[in-house]
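Report on the structure
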Amino acid sequence: MTDLTKKYGTMVFSEHVMKQRLPSDTYKKLSKTIKEGKPLDLDVANSVAHTMKEWAIEHGATHFAHWFQPLTGITSEKHDAFLDPVGDGTAITKFSGKELIQGEPDASSFPNGGLRATFEARGYSAWDPTSYAFIKDEVLCIPTAFCSYTGEALDKKTPLLRSMAAIDEQAKRVLAFFGKKPAKVTVNVGTEQEYFLISEKDYAQRQDLVMCGRTLFGAPPCKGQELDEHYFGAIRPTVNDFMKELDDVLWGFAVAAKTKHNEVAPAQHELAPVFCNANRAIDENLLTMEMMKLLASHHGLVCLQHEKPFEGINGSGKHNNWSIGSEDENLLDPGDTPEENLQFLVFLTCVISAVDDYQDLLRMSVASCGNDHRLGAHEAPPAIISIFLGDELSDIIDALAEGHEAGHASRESLDFGVAVLPTFDRDTTDRNRTSPFAFTGNKFEFRMPGSAVNVADANTMLDTAVAKALKDFADAMDERGDASFESAAIAYIRKSLAAHKRILFSGDGYSEEWHEEAVRRGLCNFPTTADALPAFVEQKNIDLLAGMGVLSETEVRSRYEVKLEKYNKLMNIEATTMERMARRTYLPVISAYATKIAKGITTVTSAMPAAEMSHERRELSTLLDGVDAIYEGIDNLADLHRKAKAFECAQDQANCYAHEVSPAMDRLREAVDAMEPIVAREYWPVPTYDDLLFYV
Ligand code: ADP
Ligand code: MG
């Protein structure tokens, strides 16, 4: 082993460690649980717990924690020491199977959307053995699912696991028609995490960044991203040091951090790991996000994970690369002749119909206060869902939907025209960066999720919708009567594609024309979170989620409440921060600067009455108009903010925030931003976009 590989996975209780350290029968039983989803008995748990504790203590751990994903926020943990006093002034270490598999956090302060009253505060966390336990800052963290006393899921992991089980079950039914019997079909996910790095010193001076994670004010910088010089540019030393430390730490957690680069916007970067099963991929992403924030501080930096920290330049997303596969094959791999690959066409058709049928649910799953500023803006997908397939597959799908044979599109080769350079096959899925849901070779890339969120929601909805489409296909095949499977399957595909073709779109998703075209096609367009959330509780979506065993109606309704509540709270924080900053940070300095100019005029004209000072007078009047506009902006925002807070119904409140308060915030921002380029630099009270974006 080289030094590079030696560090990999040292902080996780991985399959490799289990194999080495667990008694062989324990290992076998645990493997069965992990690979086939079989229940675990307490004897096995006791044995695993003992080994895990010994391993963790050897690696410096003093505590253990059930690590879980509550409905808001990212992850939660409560630490318990391994030490147990024996009563004579000494102590032993203890960690039982029961403590491993089950925790009982007093969870009354976690959001639950009415699922659990404070008097029934008990929640249970249950070990998820399909994701690795890891040691973080001397704490053995055990990935767990979290549910209420009455068994309702209170976290993001539980429904995700249920949706993956639904895919497993339905995909296996479909594969059985092709004579295949894989042990397991799993969902694979690779997340591309975008983020910004700015200096800690600048960050601390901006209340909006500290309170809201984004700038609520700020005039455009002298240059933005128009020179395209940052994307893939040489990584500056401070950022590079941060990235190196991040890689090192992530590799220790067996997070296969693979790609790192500068992104399009100044100060923006990206990290992508190698994909793995969705459950672990999401745990890894959450851990990665936490480490990014923590390690940035070692370098005098702050990592901004908000979807739109800066207006006018790109926001940050988390492209969710998604595929399904068995141990032997990727079910979304088209192979060399996709037009003859019936199995691939079945899976592709099911994804297409699922995305079309549940576009509203998918849109809902990526709705957040932060993402509202990103979707539909600078180089981010629009709020409308459509699928991009690439030329080759589009031709095949068109032919199928229209009922004629699809010809084979021969692959063109790509020749650089320079003899020493190699010639290779042209990729058949040309990239369309504007598509929210693009087929990229052998996976779909869902590009709408925001950088700050737990993508469990998006994956849960996608998995469930696709599982339902696979189920519908398998049910139809079960009932096909005398027809051969092949002819019944082809007939099904043709019909389904003809019905769902409207969701396919290869053009420019950023264009105005697409918005109009999408409306004509009857696709949904929910510009804000307030508009998108009601889809969660639409009857057809409750039927889907409950019918596939992913979320009961009660769970759906409570989650809808939690999402609304979170949106309203964040909007309240933003509106409050904005009013305060405008009044207390900006107004005093703009007024002071106006006064300075006024004094200058008085001083000069008293010394030299003939001086006209016309420029100074004009400047002064612009400043005074600006001060007026800011006062008006504050009053207007305060009125609408009060109006929003008075609503009893959370959905009404959200609508008011989205459609009345948010535009008022834009107006106030505009008034303040208009002053920034004319007030003297030494007066301006906070670091500007020029300061924030170009000095790290
Ligand atoms: P891009 O060029 O769009 O950045 P990459 O091929 O580098 O795409 O992959 C981006 C992410 O997709 C990575 O996390 C990668 O591991 C993941 N990925 C690749 N293949 C698959 C697959 N079959 N299923 C899920 N994710 C995948
Ligand atoms: Mg990218």
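Residues numbered from 1 in each chain as written. Chains lettered and ligands numbered in written order. Predicted model: local features only at pLDDT ≥ 70, side-chain atom pairs only at ≥ 80, totals over all residues.

Regarding the chain, the UniProt comment filed under Sequence similarities (unreviewed entry) reads as follows: "Belongs to the glutamine synthetase family." (UniProt positions renumbered as here; feature names shortened; annotations may be inferred.)

1. With respect to the site of ligand 1
The environment of ligand 1 is formed by 15 residues, the closest being G190, F275, N321, S323 and K443. Contributions of two or more residues to the shell around ligand 1 are made by β10 (186-199), β12 (268-273) and β15 (318-325). Among the elements that take part in the shell around ligand 1, β10 stands out by supplying 4 residues, more than any other. Classifying every residue of the shell around ligand 1 gives 6 nonpolar, 7 polar and 2 charged. (Near = placed C-beta within 6 Å. Helix = DSSP H or I, 4+ residues; strand = E, 2+ residues; numbered from the N terminus. Nonpolar A, V, L, I, M, F, W, Y, C, P; charged D, E, K, R; others polar.)

2. Side note on the domain arrangement of the chain
Here the domain parsing of the chain yields domain 1 (3-154), domain 2 (164-219 + 227-410 + 425-551) and domain 3 (567-694). Using only C-alpha atoms to locate each centre, domain 2 and domain 3 end up separated by 39 Å. At the interface, 22 residues of domain 2 touch 27 residues of domain 3. Secondary-structure elements contributing two or more residues to the side of domain 2 that touches domain 3 are α8 (207-212) and α17 (529-532). For the side of domain 2 that touches domain 3, the element with the most residues is α8, which contributes 4 residues. (Domains from an automatic or database assignment. Contact = placed C-beta atoms within 7 Å.)

3. Concerning unusual backbone geometry
Unusually for a residue other than glycine, D137 sits at a positive phi of about 50°. The topology assignment puts D137 in the loop between β8 (133-136) and β9 (139-148). On the basis of neighbour count, D137 is assigned to the exposed category, with 11 C-beta atoms found within 10 Å. Here A254, not a glycine, exhibits a phi torsion of approximately 60°, which is positive. (Buried ≥ 20, exposed ≤ 12 C-beta atoms within 10 Å, placed from the backbone.)

4. Details of the nonpolar core
One finds L140, L197, V355, A465, V466 and L533 to be the most contacted residues of the largest nonpolar core, which totals 191 residues. Per-element tally for this core: the top contributor is helix α19 (residues 553-607), with 14 residues. Other than its neighbours up to four places away in sequence, L533 contacts M364, A367, Y560, K563, L564 and A654. (Core = buried A, V, L, I, M, F, W, Y, C linked by C-beta atoms within 7 Å.)

5. So, helix α18 (residues 539-547)
Among all positions in α18, only N541, L544 and L545 are buried. Projection of α18 onto a plane perpendicular to its axis shows the buried side chains occupying an angular sector of 90°, all on one side. Of the exposed residues in α18, the ones pointing more than 90 degrees away from its buried face are Q539, D543 and G547. For α18, the elements touching its buried residues are α12 (359-365), α14 (456-478) and α19. One or two residues past the end of α18 sits G549, with phi positive at roughly 70°. (Arc of directions from axis to C-beta.)

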